[in-house]
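Listed below, chain by chain, are the residues.
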Amino acid sequence: MKSWLNILKVSCFQSQAELCHQAVVLITCMVLLTIGATSHTLAADKGAEPANLKALESDLKSSDPTKASSAVQALKDKGFPAKEAVPALAKAIRHPNELVRLTVIEALSGMGKDAGPAVPELAEALKDKDPMIREAAALALFRIQHPGSKAVQALCAALSDPSMKVRDAATLALVSMGKFAIPDLLGKLGSSDEPTRSAAAAALARIGQPAVPGLVEILGKGEDPGSAAAIVALGGVGARAVEPLIGLLKSGDEKRALRAGRALEAIGAPAVPGLVREIRRK
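Notes on the nonpolar core
Point 1. One finds Leu185, Leu189, Leu215 and Leu245 to be the most contacted residues of the largest nonpolar core, which totals 83 residues.
Point 2. Each residue touching Leu189, except ones within four places of it in the same chain, is listed here: Arg197, Ala200, Ala201, Leu204, Leu215, Ile218, Pro225, Gly226, Ala229 and Ala230.

As structure tokens, then:
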């Protein structure tokens, strides 16, 4: 700072033109120095990033919940690319502290589809002893929407969870996976566990028309409890299931026709136009 003051003191004895020139030089030097300092800082920060990531990965393994949770937050705040942050967070899903596990899962959930590589670990988290973590894992899989077989199977298993919140979250995730979830959900209609059957039927009803052929096939076989659950699901599908059910009604098999009639009854008013058309044909 002294050097700049000295220049200004000398400048006081110079002409007006010289003083102006000196001021321009002084300001230019200051700007250049500022730019240089900023560039140096940015370069230093860029060079330090890999070290920071390693430090955060190490902190994620810490037995101190506060330190580990702070590392999760830092990974979000520092804007690390998903390809770097997701693997580190995925490993931390197995942290011994429940709050850390929950924080990690919520962080992955916020990344959406970018968190796809963490699906195996999230699927495993559906078996966690803490129901809040199981629910969070199911919701994360819903937001990621990665229709892999591991995720679908784990979510279908979660339909038997003792917690209704976990079952609801798993149902939501399976519905988001659409046709990819249908085969496993159809298999759950025959479960001996009533909540599992109900959750599977609800999911298939919400998936809608793509699930109808499989549901009608189960209904045609007449094997309970799967057949009864299929009736509930078809009732939820509504009008889009009417025509296939009318086909089953005309199959010539009295038992199949009776089951189809129950399903049409479950559909209610939306089934009326199709049934009227069928009567008129005859």
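So that's the structure; there's more coming.
Some words on the environment of Pro117
Point 1. With respect to the helices and strands, the residue Pro117 is situated in the loop between α5 (98-111) and α6 (119-125).
Point 2. Given the relative accessible area of 60%, Pro117 is considered exposed.
Point 3. Sequence spacing of Pro117 and Val86 is 31 residues, and the spatial spacing of their C-alpha atoms is 7.0 Å.

Describing the side chain of Glu278
Point 1. If you trace the backbone, Glu278 turns up in helix α16 (residues 272-281).
Point 2. By relative accessible area, Glu278 is classed as buried at 10%.
Point 3. In terms of polar contacts, Glu278 uses its side chain to reach the side chain of Arg281, at 2.6 Å.
Point 4. Residues contacting Glu278, with those up to four places away along its chain left out, are Ile246 and Lys250.

Notes on the environment of Ala123
Point 1. Here Ala123 is to be found in helix α6.
Point 2. Residue classification places Ala123 among the buried residues on the basis of a relative accessible area of 4%.
Point 3. Between the alpha carbons of Ala123 and Arg134 there is a distance of 9.1 Å; along the sequence they are 11 residues apart.
Point 4. Once residues lying within four places of it in the same chain are set aside, the contact partners of Ala123 are Leu141, Lys150 and Ala154.

A word on the packing of aromatic side chains
Point 1. Taken as a whole, this structure holds zero aromatic pairs when the rule is applied.
Point 2. In this structure, Lys179 packs its charged tip against the face of Phe180, placed 5.7 Å from the ring centre.

Considering the environment of Gly110
Point 1. Tracing the sequence through the fold places Gly110 in helix α5.
Point 2. Taking relative accessible area as the criterion, Gly110 reaches 69% and is therefore assigned exposed.

Focus: the packing of helix α12 (residues 212-221) against helix α15 (residues 254-267)
Point 1. At their nearest, the axes of α12 and α15 sit 8 Å apart, and the two run at 135° to each other. In terms of their interaxial angle, α12 and α15 are classed as oblique. As for how α12 packs across α15, the hand of that crossing is right-handed. For the pair α12 and α15, contact is made by Leu219, Gly220 and Lys221 and by Arg256, Arg259, Ala260 and Ala263, respectively.

Considering the side chain of Arg167
Point 1. For Arg167, the position within the fold is in helix α9 (residues 164-177).
Point 2. Non-local contacts of Arg167, meaning those with residues more than four positions away in its chain, are made with Ala158, Leu159, Asp161, Pro162 and Pro195.

Conventions adopted
- Residues numbered from 1 in each chain as written.
- Predicted model: local features only at pLDDT ≥ 70, side-chain atom pairs only at ≥ 80, totals over all residues.
- Heavy atoms only, no water.
- Core = buried A, V, L, I, M, F, W, Y, C linked by side-chain atoms within 4.5 Å.
- Buried < 20%, exposed > 50% of the residue type's maximum accessible area, 1.4 Å probe, protein only.
- Contact = heavy atoms within 4.5 Å.
- Helix = DSSP H or I, 4+ residues; strand = E, 2+ residues; numbered from the N terminus.
- Polar contact = N/O pair within 3.5 Å; in protein donor to acceptor, adjacent residues only side chain to side chain.
- Phe/Tyr/Trp six-rings, centres within 6.5 Å; stacked < 30°, edge-to-face > 60°.
- Lys NZ or Arg CZ within 6 Å of the ring centre and 35° of its normal.
- Axes fitted to C-alpha atoms, helices over the stretch in contact; angles between N-to-C directions.
- Parallel < 35°, antiparallel > 145°, perpendicular 65-115°, else oblique.
- Left-handed = near helix turned anticlockwise from the far one by under 90°.

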